[in-house]
Amino acid sequence: VMVTPMGVAELDLVRPVVETTVFDVASLSKPVAAYIALQLVDDGTLDLDEPLSRMVQNGVPPQLASSLITARHVLTHTSGLPNLRGDEPLRTYFPPGSWFSYSSVGFTFLQMALEAASTESLEALAQRLVFDPLGMQSSSFQWRDRFSEDVAIPHEGEKRLEKHRPAAAHASYSLQTTAGDYAKFMVAVLNGASLREETRHKWLTPTVMVPRGEAIHLMDSPPVTERDIGWGLGWGVEATDGTFFQWGKMDGIRAFAMGNPKTQSAVVLLTNSNRGLRLMDAAAEATLPGEHPAFTWLRACVTE
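Residues numbered from 1 in each chain as written. Predicted model: local features only at pLDDT ≥ 70, side-chain atom pairs only at ≥ 80, totals over all residues. Heavy atoms only, no water.

**Quick look at the packing of aromatic side chains**
The way to describe two aromatic rings as a pair is by their centre distance and the angle between their planes. Worth spelling out the cut-off: Two aromatic rings from Phe, Tyr or Trp, using only the six-membered ring of Trp, form a pair when their centres are within 6.5 Å; if the ring planes differ by under 30 degrees the pair is stacked, by over 60 it is edge-to-face, and anything between is tilted. The secondary structure listing takes helices from DSSP runs of H or I that are at least 4 residues long and strands from runs of E that are at least 2 residues long, numbered from the N terminus. Accessible area is worked out with a 1.4 Å probe on protein chains only. A residue is then buried under 20% of its type maximum, exposed over 50%, and partly exposed in between. Whether a charge sits over a ring depends on NZ of Lys or CZ of Arg being within 6 Å of the ring centre and within 35 degrees of the ring normal.
Taken as a whole and judged by the stated rule, the model has 19 aromatic pairs. Here the aromatic rings of Trp231 and Phe245 are separated by 5.7 Å at their centres, their planes lie at 75°, and the arrangement is edge-to-face. Placement of the pair is Trp231 in strand β8 (residues 225-231) and Phe245 in strand β10 (residues 243-250), with a sequence separation of 14 residues. Note on Trp231: relative accessible area 0%, which makes it buried. An aromatic cluster of three or more residues is present, and its members are Tyr35, Tyr182, Phe185, Trp203, Trp235 and Phe244. Sitting over the face of the ring of Phe107, Lys30 holds its NZ or CZ atom 5.7 Å from the ring centroid.

Laid out in structure tokens, this is it:
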């Protein structure tokens with residue numbers, strides 16, 4: 001694992017990023033949550049195809065109480081749920097399993113089921129199944145006071161933003177980690193650590209293709225899908241060569257991770273800027289050279 005710190009952790013103070021700098025990684029949280037879910041599938045705690053509403057006794061929105069959304073639907077982004085929860089009542093926009101539409105809300109629903117099935121909090125599950133076994137000592141789904149010693153402060157353009165300090169764990173977006181820690185997670189993904197071979201294969205094999213040039217497509221089935229980009233049980237996948245990926249986006253934060261099991265190579269890009277995804281190509285070139293259709297797709301559907 002090689003870590004290359006660059007830039008500043010705090011714009012106004014010109015404080016440099018170092019190997020121990022803790023970042024928000026936004027949706028890079030989702031593959032970690034998926035890894036937890038799949039370990040629970042392997043040990044019999046979670047059924048990929050059981051409706052989540054049957055597992056959760058409290059807190060399910062009334063509109064979803066009879067929903068047939070499963071863990072498989074959430075992990076493949078085929079739940080029919082919107083990406084974010086707005087002012088309108090939460091609902092499914094298409095029958096679960098019909099097609100891909102990226103949904104962060106789905107991971108909130110999945111987290112409730114994971115916690116109900118295991119009788120552990122998401123943070124406790126993450127510590128037991130991910131952070132402790134992999135030696136990710138600077139990682140947490142919720143804010144830790146010790147992170148204040150060296151944390152990346154987000155910024156949009158030249159404007160400094162307030163650092164997000166999640167009081168509670170959120171499977172979709174709240175992971176706090178370092179580049180080195182997340183690289184340890186990527187090594188585990190490459191090796192299929194703690195997963196059955198069949199489960200690892202499904203994690204990194206596309207079961208649904210994404211809409212062309214769109215991450216979110218709620219109304220009517222997409223007329224055209226990408227020929228080489230699909231989604232497995234928690235990762236985007238370039239179908240031809242098996243390269244898997246995920247991006248992260250929050251105000252003043254952009255993150256990206258990509259790996260390939262065949263070459264046993266991976267890259268993690270953590271930035272505290274809304275312009276961070278401009279560095280995807282350059283970051284990947286050293287370890288994952290060549291054309292990547294994921295880059296073209298992400299440029300079309302992830303704004304600065």
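**What about the sheet that holds strand β11 (residues 253-260)?**
How we decide: In this analysis, strands are considered paired if DSSP registers two or more bridges between them. The axes used here are C-alpha line fits, helices contributing only the stretch in contact, and every angle between their N-to-C directions lies in the interval 0 to 180 degrees.
Across the sheet, six strands lie side by side as β7-β8-β9-β10-β11-β12; this open sheet has antiparallel pairing. For this open sheet the edge positions go to β7 (208-211) and β12 (265-271), each flanked by a neighbour on one side alone. If you compare each strand with its neighbour and ignore which way they point, the axes differ by 30° on average. Bridge count between β11 and β12: seven bridges; the pairing is antiparallel. If you follow Ala257 over to β12, its bridge partner there is Val268.

**Focus on the packing of helix α1 (residues 29-42) against helix α5 (residues 122-134)**
Cut-off, in case you're wondering: In these notes the angle categories are as follows: under 35 degrees is roughly parallel, over 145 is roughly antiparallel, 65 to 115 is roughly perpendicular, and the rest is oblique. Every residue pair with non-hydrogen atoms within 4.5 Å of one another is taken to be in contact. Ten residue types, Ala, Val, Leu, Ile, Met, Phe, Trp, Tyr, Cys and Pro, are classed as nonpolar, four, Asp, Glu, Lys and Arg, as charged, and the remainder, Gly among them, as polar.
Their axes nearest at 10 Å, the elements α1 and α5 cross at an angle of 95°. By the angle class used here, α1 and α5 are roughly perpendicular. Facing Val32, Tyr35, Ile36, Gln39 and Leu40 of α1, the residues of α5 in contact are Leu122, Leu125, Ala126, Leu129, Val130, Phe131 and Leu134. Of the residues contributing to the contact of α1 with α5, the split by class is eleven nonpolar, one polar and no charged.

**A word on the pairing of β10**
Burial runs high along β10: seven of the eight residues are buried. Strand direction decides the pairing type here: strand β9 (residues 236-238) and β10, joined by three bridges, are antiparallel. By the bridge assignment for β10, Val237 is matched with Phe244. Once β9 ends, the chain turns through four residues before running back antiparallel as β10, passing Gly242 with a positive phi of about 80°.

Take it as geometry only, folks, not as evidence of what the structure does.
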